[in-house]
Amino acid sequence: MPHAALARVPARRRVTAALLPLLVVLPLAACSDDGDAQDVTPDQTQAQPPAGTDPVLAELAGGSALDIGFAIAPELLDEPEYRDIVDTHATLVVAENVMKWETTEAAPGEWDFTAADELAAYAQEHGKKLYGHTLVWHSQLPAWVSELDAEAMQAAMEEHVRTQVEHFKGQVVAWDVVNEAIDDNGRRRAESPFQATLGDGYIEDAFRVAHEADPDAQLCYNDYDLEAIGIKSDAVYEMVSDLVERDVPIDCVGFQGHLTAGTLRDDLQENIQRFVDLGLTVRFTEVDVRVHTPASDEDLAQQAKDYASVVTTCLAVEGCLGVTVWGVTDRYSWIPRWFEGYGAALLWDEDYQTKPAFDAVVTAIGAGRPGRS
Ligand code: 9MR
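Residues numbered from 1 in each chain as written. Predicted model: local features only at pLDDT ≥ 70, side-chain atom pairs only at ≥ 80, totals over all residues. Heavy atoms only, no water.

You'll find the protein entered in an unreviewed UniProt entry as Beta-xylanase, with Cellulomonas persica given as the organism. Recorded under Sequence similarities (unreviewed entry), the UniProt text for the protein is reproduced unchanged: "Belongs to the glycosyl hydrolase 10 (cellulase F) family." Regarding the protein, the relevant UniProt record gives this comment under Catalytic activity (unreviewed entry): "Endohydrolysis of (1->4)-beta-D-xylosidic linkages in xylans." (UniProt positions renumbered as here; feature names shortened; annotations may be inferred.)

Moving on: the pairing of strand β8 (residues 281-292). Among the 12 residues in β8, 10 count as buried, and that is most of the element. When strand β6 (residues 252-255) meets β8, the two strands line up parallel, connected through four bridges. Bridging from a neighbouring strand, Phe 255 pairs with Phe 284 of β8. Between the parallel pair strand β7 (residues 258-260) and β8, the chain is carried across by helix α14 (residues 268-276), and the sense of this crossover is right-handed. Bridge count between β8 and strand β9 (residues 320-325): three bridges; the pairing is parallel. For Val 287, the partnering residue across the bridge sits in β9 and is Val 325. Bridge analysis of β8 against strand β10 (residues 342-343) gives two bridges, and the strand direction is antiparallel. Across the sheet, residue His 292 finds its bridge partner in β10, namely Tyr 342. (Buried < 20%, exposed > 50% of the residue type's maximum accessible area, 1.4 Å probe, protein only. Helix = DSSP H or I, 4+ residues; strand = E, 2+ residues; numbered from the N terminus. Pairing = 2+ DSSP bridges. Right-handed = clockwise from strand over helix to strand, strands pointing away.)

Take the nonpolar core next. Judged by nonpolar contacts, the single largest core of 97 residues is most densely connected at Leu 57, Trp 175, Val 178, Tyr 221 and Phe 284. Grouped together as the second largest cluster of nonpolar side chains are 11 residues, Val 94, Cys 220, Trp 326 and Ile 335 included. (Core = buried A, V, L, I, M, F, W, Y, C linked by side-chain atoms within 4.5 Å.)

Moving on: the environment of Gly 371. In this fold, Gly 371 is placed in the segment after α17 (356-366). The class of Gly 371 is exposed, set by a relative accessible area of 86%. Separated by 55 residues in sequence, Gly 371 and Ala 316 have C-alpha atoms that sit 9.1 Å apart.

With omega at -5°, the peptide bond leading from His 133 into Thr 134 counts as cis. Tracing the chain through its elements places Thr 134 in strand β3 (residues 129-136). Following Thr 293, the chain continues into Pro 294 via a peptide bond in cis, with omega recorded as -5°. If you trace the backbone, Pro 294 turns up in the loop between β8 and α15 (297-316). The backbone of Ala 65 shows a phi angle near 50°, a positive value even though the residue is not glycine. Mapping Ala 65 onto the fold places it in the loop between α5 (57-62) and β1 (67-72). Take Ala 65: its relative accessible area is 53%, and that puts it in the exposed class. The phi dihedral of Asp 247 is positive, around 60°, even though this residue is not glycine. Structurally, the position occupied by Asp 247 is in the loop between α13 (231-245) and β6.

Right, let's get into the state of the cysteines. Under the defined criterion, the tally for this structure stands at two disulfides. Here Cys 220 is linked by a disulfide to Cys 252, with a sulfur-sulfur distance of 2.1 Å. Across the S-S bond linking Cys 220 and Cys 252, the dihedral sits near -80°, which makes this disulfide left-handed. Residue Cys 220 is found in strand β5 (residues 218-223), and its partner Cys 252 is found in strand β6; the two are separated by 32 residues along the sequence. With its bonded cysteines labelled in order along the sequence, the protein shows the pairing 1-2, 3-4. (Disulfide = S-S within 2.5 Å.)

What follows is about the pattern of salt bridges. Across all of its chains, the model carries 15 salt bridges by this definition. A salt bridge links Arg 189 to Glu 191, with the shortest nitrogen-to-oxygen separation between them at 2.9 Å. As a salt-bridge pair, Arg 246 and Asp 242 come within 3.1 Å of each other at their nearest N and O atoms. Look at Arg 246 and you get partly exposed, because its relative accessible area is 36%. You can call Asp 242 partly exposed: its relative accessible area is 32%. In this structure, a network of salt bridges that share partners links the residues Glu 204, Arg 208, Asp 242 and Arg 246. (Salt bridge = Lys/Arg side-chain N within 4 Å of Asp/Glu carboxyl O.)

Here the focus is the site of the ligand. If you check the shell around the ligand, you find 16 residues, and the closest are Glu 96, Lys 100, His 133, Glu 286 and Trp 326. At 3.0 Å, a side-chain N or O of Asn 97 approaches an oxygen atom of the ligand. Residue Glu 286 places a side-chain N or O atom 2.7 Å away from a nitrogen atom belonging to the ligand. Its free accessible area being 450 Å², the ligand has 89% of it covered by the protein chains. Considered class by class, the residues forming the shell around the ligand number four nonpolar, seven polar and five charged. (Near = heavy atom within 4 Å. Polar contact = N/O pair within 3.5 Å; in protein donor to acceptor, adjacent residues only side chain to side chain. Areas by Shrake-Rupley, 256 points an atom, 1.4 Å probe, with all protein chains shown as cover. Nonpolar A, V, L, I, M, F, W, Y, C, P; charged D, E, K, R; others polar.)

Below you can see the structure in the form of structure tokens.
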């Protein structure tokens, strides 16, 4: 059944259809132990969600040790539909904005973790992992940092990383330590004040300070437009290979995954595998799939395929730990504000209805990691 049609049927029927791939394999599993086929129907072997509910992404992903994350604006957790989705489907949360430098240290040494602490408390109370985004980034950076000379900037950067990582020590499982340090031409990003003032060395310094502050947190490099093998992902590959070779404490690479529907290439798996082969883990950290708005059924079907490809690819690579979607509902997505004429990039629409992409993600997660029962 095409996904566009699937999305319009009542929730109960959508559940059944979306679980079909799981249900089909279950009778086989039931007879594999003793070779004796038992008279079981799918409904007897598969715990069915109550009528009117959707399949739960967190539950489906559990067996594959795959994190399902959402970028969160903490104040939106007061909105019941938003809250319900995060409560139900997330295994991991990340602050969309409130852990960025402009929020946590708007003036030198003046710390404000109020909103970030709210999200950390939510994560702790609800058994969600907390992902840290982000420590050293040229954007959403207060002006005072850019105005410092080299010595003062180095000190400010180290102090920022140290203080923030220590504050969330034991709570944050992984940090985006450095974000978007490479430009679209594969060069060190010249407009970054850190690059311009401190040179290449700021990257490894940030990782070393973060590691001292919390030796148990995973430390990641995170960037956009890394999905295909090409000038930018090659440059990031070279950079992180060099860091690994020189024992800089880097553990992971985040592939942001801000995609336009229909543009994903078929070398995604090969690409993320080469990073895993360096001994790193990878995650898709900021996935959204934008389409022209108003979205047609074809657009939404293509978007569903792209979401499924990302999830399937992550499941196919043992070192790929999770997929985080950059927001919950199209109502609050950053896309329309940044890309004129585009939007509808997330799994729930503006009215909190699941989209074909949600059903596709359910099916993709339900298939599990290849080779695992
Ligand atoms: O989603 C974020 C949006 O609300 C902010 O206005 C924007 C400002 O730069 O940042 C967005 O998140 C970015 C993320 O932190 C880093 N990768 C790119 C994301 C989209 O710009």
